[in-house]
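If you want the building blocks of each chain, they are given just below.
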Amino acid sequence: IWLIHILCWFGAELILRIWPFPPLPTEYEMLLEYQWGKLEHIAGRGILLVGDSSLGNAVAAPIVASKLGMPVVNAALTGSHATYGDYLVVKRAIERGRDWRAIIVFHTPSVWSWKPNRDSAQSLDAAFEVHSLANYSYWLANRSALIGASTSTRRWLVLSMRFGFDRERILQYKARLERVGRRLPELDYIEQNSKIDPQNYVPSNLEEFRPTAYADEWLDALIRLCRAHSVPVFLATGPLPESEVRISRRYLEDMFVWLRAKADQNQGVEVLYTSVPAAPLRFFGDSSSHLNNEAQSAFSRWFAAVLSRGMKGGGEAPASPWWR
């Protein structure tokens, strides 16, 4: 029975590799592959930015590179990938033998309090080929044409149920995923999907600041890795609407106390600026932590100036108003 099972498996693998089943990757899988690819083609001594979607939407690497006169790579993932994603990106970048001038860790304030996301961690293990007994089967499964086809089939079924088997809506969603894939090289991040409606916007109130052990553990691992290779680390915070900064004042104050303690305890680690970069709501796009395309340019110019100051030993800088 096992022999028949194995023969059927390999037969199906062979058929699917000859006549590939159309895959249905998620936008996050496309992002991981895109960012992973960047690390293979980096020229010269440069700066690496790691973090979540607030970084992906706020900082335009070409603008910062132009202002600083050195290569800049924005390898932002998402909040669910947390500091484990930061660590794996930095580890891969250093393993490629690059001589980095600095590593920037850039997150929206709420990320420090998020709990681990097992699916995101497994997707990182697969993308960055983390080998261990615990995740070897997951790594192997991601290289199987049969399991890839099974995953895509399941995703098509879920989409069909979500959209009430409305073919037009399913095709529109597929077209959006294809557009995300096409525009990744142009935008350098996932394309925003909508706009904040000011009439229905309710500011998020960040209450008690409690960084998770998971976020803390992998940030410490990243710092140790950079220290071992004599690469300075700068800690930065993503922009938020002014209304959220006002009502989350205590959370943000405690967060900066924690970040400065990290810097004080670790040689070669600095906090870039003294408070959260705040701005009116009109500068944000599909989320209150995502700057829109117009605001990205202004923020990037300000960020380049602040980073230049920090790399020259100028200390922390005021965070706002950056848009003026």
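Look a little higher up for the structure.
Only a predicted model underlies this, so the values are computations on that prediction, with no experimental measurement involved. (Residues numbered from 1 in each chain as written. Predicted model: local features only at pLDDT ≥ 70, side-chain atom pairs only at ≥ 80, totals over all residues. Heavy atoms only, no water.)

Draft legend 1. Up close: the overall build of the chain. Assigned secondary structure in the chain consists of 13 helices and 9 strands. Principal axes of the C-alpha set define a box for the chain whose edges measure 70 × 50 × 40 Å. Buried residues in the chain amount to 50% of all 324 residues. Sequence-distant contacts in the chain: of pairs separated by 6 or more residues, those separated by 24 or more amount to 83%. When the accessible area of the chain is evaluated, it comes to approximately 16,800 Å², of which 55% is carbon and sulfur surface. One finds the centroid of the 36 positive side-chain charges in the chain at a distance of 3 Å from the centroid of its 33 negative side-chain charges. (Helix = DSSP H or I, 4+ residues; strand = E, 2+ residues; numbered from the N terminus. Buried < 20%, exposed > 50% of the residue type's maximum accessible area, 1.4 Å probe, protein only. Contact = heavy atoms within 4.5 Å. Areas by Shrake-Rupley, 256 points an atom, 1.4 Å probe, with all protein chains shown as cover. Lys, Arg positive; Asp, Glu negative; His and termini not counted. Charge placed at Lys NZ, Arg CZ, Asp CG, Glu CD.)

Draft legend 2. Representation of the pairing of strand S1 (residues 47-51) in the model. Across the 5 residues that make up S1, a large majority, 5, are buried. Side chains Ile47, Leu49 and Gly51 project from S1 onto one buried face, and the interleaved Leu48 and Val50 project onto a second face that is buried too. When S1 meets strand S3 (residues 102-107), the two strands line up parallel, connected through 5 bridges. Of the residues in S3, the one forming a bridge with Gly51 is Phe106. (Pairing = 2+ DSSP bridges.)

Draft legend 3. Focus on empty space enclosed by the protein. For the structure shown, the criterion picks out 1 cavity of 30 Å³ or more. As for the largest cavity, its lining consists of Gly79, Ser80, Ala82, Thr83, Val111, Trp114, Lys115, Pro116, Asn117, Thr212, Tyr214 and Ala215. Counting residues per element, the ones that place at least two in the lining of the largest cavity are helix H5 (82-95) and helix H10 (213-228). Among the residues making up the lining of the largest cavity, the classes are represented as 6 nonpolar, 5 polar and 1 charged. (1 Å grid on protein atoms, 1.4 Å probe; cavity = no way out; pocket = protein on both sides within 12 Å on 5 of 7 lines; lining within 4 Å. Points joined across faces, edges and corners; volume = space filled by probe spheres on them. Nonpolar A, V, L, I, M, F, W, Y, C, P; charged D, E, K, R; others polar.)

Draft legend 4. Inspection of the packing of aromatic side chains at higher detail. Scanning all chains against the criterion turns up 15 aromatic pairs. Plain terms: the ring middles of Tyr273 and Trp302 are 5.2 Å apart, the flat faces sit at 50° to each other, and that makes the pair tilted. Here Trp302 lies in helix H13 (residues 293-311) and Tyr273 lies in the loop between strand S6 (269-271) and strand S7 (278-279), a separation of 29 residues in the sequence. Under the relative-accessibility criterion, Tyr273 is labelled buried at 1%. Its relative accessible area of 14% is what places Trp302 among the buried residues. (Phe/Tyr/Trp six-rings, centres within 6.5 Å; stacked < 30°, edge-to-face > 60°.)

Draft legend 5. Spatial organisation of the packing of H5 against H10. Axis separation between H5 and H10 bottoms out at 7 Å; the angle between their running directions is 15°. As summarised for this structure, H5 and H10 are arranged roughly parallel, according to the angle between their axes. When the axes of H5 and H10 are compared, the crossing they make is left-handed. Across the interface between the two elements, Ala82, Thr83, Tyr84, Asp86, Tyr87, Val90, Lys91 and Ile94 of H5 pack against Tyr214, Ala215, Trp218, Leu219, Ala221, Leu222, Leu225 and Cys226 of H10. Taken together, the residues that form the contact of H5 with H10 break down as 13 nonpolar, 1 polar and 2 charged. (Axes fitted to C-alpha atoms, helices over the stretch in contact; angles between N-to-C directions. Parallel < 35°, antiparallel > 145°, perpendicular 65-115°, else oblique. Left-handed = near helix turned anticlockwise from the far one by under 90°.)

Draft legend 6. Spotlight on the pattern of salt bridges. In this structure the tally under the stated criterion is 15 salt bridges. Ionic pairing is found between Glu27 and Arg176, a salt bridge with its closest N-O pair at 3.0 Å. Within this pair, whereas Glu27 is found in helix H2 (residues 27-38), its partner Arg176 is found in helix H9 (residues 167-187), the two being separated by 149 residues in sequence. The class of Glu27 is buried, set by a relative accessible area of 15%. Arg179 is the salt-bridge partner of Glu191, the closest N and O atoms lying 2.9 Å from each other. Of this pair, Glu191 sits in the loop between H9 and H10 while Arg179 sits in helix H9, and the two are 12 residues apart along the sequence. On the basis of relative accessible area, Arg179 is assigned to the partly exposed category, the value being 36%. (Salt bridge = Lys/Arg side-chain N within 4 Å of Asp/Glu carboxyl O.)

Draft legend 7. Looking closely at the sheet that holds S6. Taken in spatial order, the 5 strands of this open sheet run S2-S1-S3-S4-S6, and their pairing is parallel. The open sheet has two free edges, formed respectively by strand S2 (72-74) and S6, since each of these has just one partner strand. Pairs of neighbouring strands in the sheet enclose a mean axial angle of 20°, with direction left out of account.

Draft legend 8. Representation of unusual backbone geometry. Residues other than glycine seldom take positive phi values, yet Phe165 does so here, at roughly 55°. For Phe165, the position within the fold is in the loop between helix H8 (145-162) and H9. Judged by its relative accessible area of 58%, Phe165 falls in the exposed class. The phi dihedral of Ser230 is positive, around 55°, even though this residue is not glycine. Within the secondary structure, Ser230 sits in the loop between H10 and strand S4 (233-237).

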